[in-house]
Amino acid sequence: MSKRNNTTTPAGASTARILSKDEAMAIAQKVLDFADPSADTIVNVQLSNTQNSRFSRNEITTQLDASLGQVTVTSMMNGKTANGVTQRFDDDGLLEAVRWAEEATRDGPGEHGTSRLIQPRDYPVPPGLWSEASRAVDIEDRIQRAVSAIEGTDGYVSAGTVDLNVASMLVANSAGLVGYCRSTNGSLSLTARTSDNTGSGWAGKAIYDFNDLDGGAIASRATDKADRSREPQAIEPARYTVILEPDAYAQMIFFMMQYHMDLPSAQSGFSVWAAPNGETKIGQQVFDDRLSFVSDPMDPDGPFCPFNPVGVPFDQTYWVRDGILRELSYGDDTAMERGRDYPLANPVAVRLQPRAGTTLTTLDEMIATCDRGIYVTRLTTGFADFRRLVFTGVTRDGTWLVERGRITRPIANMRYVDSHMFFLNNLEAIGEPVLTAGGSFVLPPVRSRDFNFTAIADAV
């Protein structure tokens, strides 16, 4: 095994530069001082450091340490809203961003309409969102995690990445609001293939504290799946009972939260929650009644910053409760109509929570109680029907036939056309929610009937 490291950063030196609250506020205050007193002004100051160590064919191939600082100035006046953005933190750069935003509201094509400023308030500090251990990580630490993963794949061909992000964000406005958040998050994702290229296995883990990242354990899970998936056999495409690991369907949940959770899209007929005549499905049963989708910055397993870039708070929000659609995000016009102080913002982070009292089942128990089905590690995910949230893709990195309560053999990958809108209504078993390897989503493993496999896929 060989290792390459093309950086000149001294060993032991963390490259994760962020702004303290005082440093960020000093920048924001300059923007507010530069701004037209007659305008409503919002300033967002961010500094993030993205790091990764990538490896392929059992050797480290690239190292990345990239810092990005950005100041966004939002000006609201003359019935318009406009933004100015700069990556310069000096006075000239900040003044230019203010000028861009304000000129667009005076003479330019600034977006028509304004929103109320968020009034001064305190934001909670999500437990576990910040880790000093992650802040202190240096290049040697990252390399060691990557090396431990590579060494755990001896005899296999491995590829993957160790990622870490350390960030700060401050929002302030001309009404006196100040909010500050700092966060750390990372992950290790690894695919291992057998030397005969007939078996492939994947494993990954998302973390907030870098000390929780165990490269050897992740490699062990991936190589075990690769070994057990050697020489797969094709079976007839059909509808099968399916056992899905949380990461298998996480991308489906992301697409729903990213593109389908706003009220205007539903009212306009462009989302899965649209109903006839400009109505929505709010109040209707849309999933199994044991399931709720809840976003909460204080989630102990998946915390996130408690406000968006303009300061709108992320409160605990049940989008779906006991299977019934309860909320869709909306802007300030709707908030005023409903008598709320601020809009309902969508953090694109959610927990799929089984109802209290639901019997939770482990993956081993799902297998043991399955007469015939397919166990799936991962699914590639692309839209087959955007409007109805139907997806297509193929199984990857470990797919097995389950018969009479045990895994009997690996099977060739298959193409599917299906959706969580279907299989989360056909549930036979639900497990304990866990943070998925991509972060942001806390999802349970599930077993569901009648998952639609449509063809054999020529993929390892």
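The structure this text deals with has already been given above.
As a starting point, this report considers the structure included with it. (Residues numbered from 1 in each chain as written. Predicted model: local features only at pLDDT ≥ 70, side-chain atom pairs only at ≥ 80, totals over all residues. Heavy atoms only, no water.)

## Some details on helix 6 (residues 246-259)
Residue pairs spaced three or four apart in an α-helix point in one direction, given the helix's 3.6 residues per turn. Defined as follows: Secondary structure is summarised from DSSP: a helix means a run of H or I of at least four residues, a strand means a run of E of at least two, and numbering begins at the N terminus for each. By this rule the span expected of a helix is its residue count minus one, scaled by 1.5 Å. Burial status follows relative accessibility: with a 1.4 Å probe on protein chains alone, a residue under 20% of its type maximum counts as buried, one over 50% as exposed, and anything between as partly exposed.
Taking 1.5 Å per residue, 14 residues should reach 20 Å; helix 6 reaches 20 Å between its end C-alpha atoms and fits that length. Taken residue by residue, helix 6 has P246, A248, Y249, A250, M252, I253, F255, M256 and M257 as its buried positions.

## Overview of the pairing of strand 14 (residues 382-385)
Inclusion rule: At least two bridges found by DSSP between two strands are what make those strands a pair.
Taken together, the 3 bridges between strand 14 and strand 15 (residues 390-403) define a ladder with antiparallel strand orientation. Along strand 15, the bridge assignment pairs D385 with V390. The loop that links strand 14 with its antiparallel partner strand 15 comprises 4 residues; one of these, L389, has a positive phi angle of about 55°.

## Here we look at unusual backbone geometry
For L389, which is not glycine, the phi dihedral falls at a positive 55°. Under the relative-accessibility criterion, L389 is labelled buried at 0%. Positioned with a positive phi, R404 is a non-glycine residue whose angle comes to about 50°. Assignment of secondary structure puts R404 in the loop between strand 15 and strand 16 (406-410). You can call R404 exposed: its relative accessible area is 66%.

## A look at the packing of helix 1 (residues 21-34) against helix 2 (residues 91-106)
Under the convention used in this document: Note on geometry: axes are lines fitted to C-alpha atoms, helical ones only across the stretch in contact, with angles between N-to-C directions running from 0 to 180 degrees. Orientation categories follow fixed angle ranges, with anything under 35 degrees roughly parallel, anything over 145 roughly antiparallel, 65 to 115 roughly perpendicular, and all other angles oblique. For a crossing to be left-handed, the near helix must be turned anticlockwise from the far one by less than a right angle; the clockwise case is right-handed. Should any heavy atoms of two residues lie within 4.5 Å, those residues are considered in contact. Residues are sorted three ways: Asp, Glu, Lys and Arg are charged, Ala, Val, Leu, Ile, Met, Phe, Trp, Tyr, Cys and Pro are nonpolar, and all the rest, Gly among them, are polar.
Closest axis-to-axis distance for the helix 1/helix 2 pair is 9 Å, and the angle between their directions is 50°. When the interaxial angle is binned, helix 1 and helix 2 end up oblique. Considering only the axes of helix 1 and helix 2, their crossing is right-handed. Contacts between helix 1 and helix 2 involve I27, K30, V31 and F34 from the first element and D91, L94, L95 and V98 from the second. Per-class residue counts for the contact of helix 1 with helix 2 are 6 nonpolar, no polar and 2 charged.

## Side note on a nonpolar patch on the surface
Under the convention used in this document: To count toward a patch, a residue needs a relative accessible area above 30% and no salt bridge. Like charges then connect within 9 Å, nonpolar side chains (Val, Leu, Ile, Met, Phe, Trp, Tyr) within 5 Å. Per-residue accessibility takes into account occlusion by the displayed protein chains alone, with areas from the Shrake-Rupley method and a 1.4 Å probe. The salt bridge criterion pairs a side-chain nitrogen of Lys or Arg with a carboxyl oxygen of Asp or Glu, the two atoms within 4 Å.
Taken together, the side chains of Y259, F383 and F386 present a nonpolar region at the surface, about 260 Å² in accessible area. Tracing the backbone through its elements, the reader meets F386 in the loop between strand 14 and strand 15. Judged by its relative accessible area of 36%, F386 is partly exposed.

## Re the sheet that holds strand 5 (residues 156-173)
Ordered in space as 4-3-2-1-5-6-7, the 7 strands form an open sheet in which the pairing is antiparallel. With one partner strand each, in any of the chains shown, strand 4 (111-112) and strand 7 (200-207) form the two edges of the open sheet. Pairing of strand 6 (residues 178-194) with strand 7 involves 8 bridges; the strand directions are antiparallel. Paired with A192 across the bridge in strand 7 is G201. Across the sheet, helix 1 lies against strand 1 (40-56), strand 2 (59-77), strand 5 and strand 6, angled at about 55° from strand 5, the strand it touches most.

## Here we look at the environment of G373
Take G373: it is sitting in strand 13 (residues 372-379). Given the relative accessible area of 0%, G373 is considered buried. Each C-alpha atom, one on G373 and one on Q51, is 40 Å from the other, the two residues being 322 residues apart in sequence. In this structure G373 touches T241, W400, L401 and V402, once residues within four positions along its chain are discounted.

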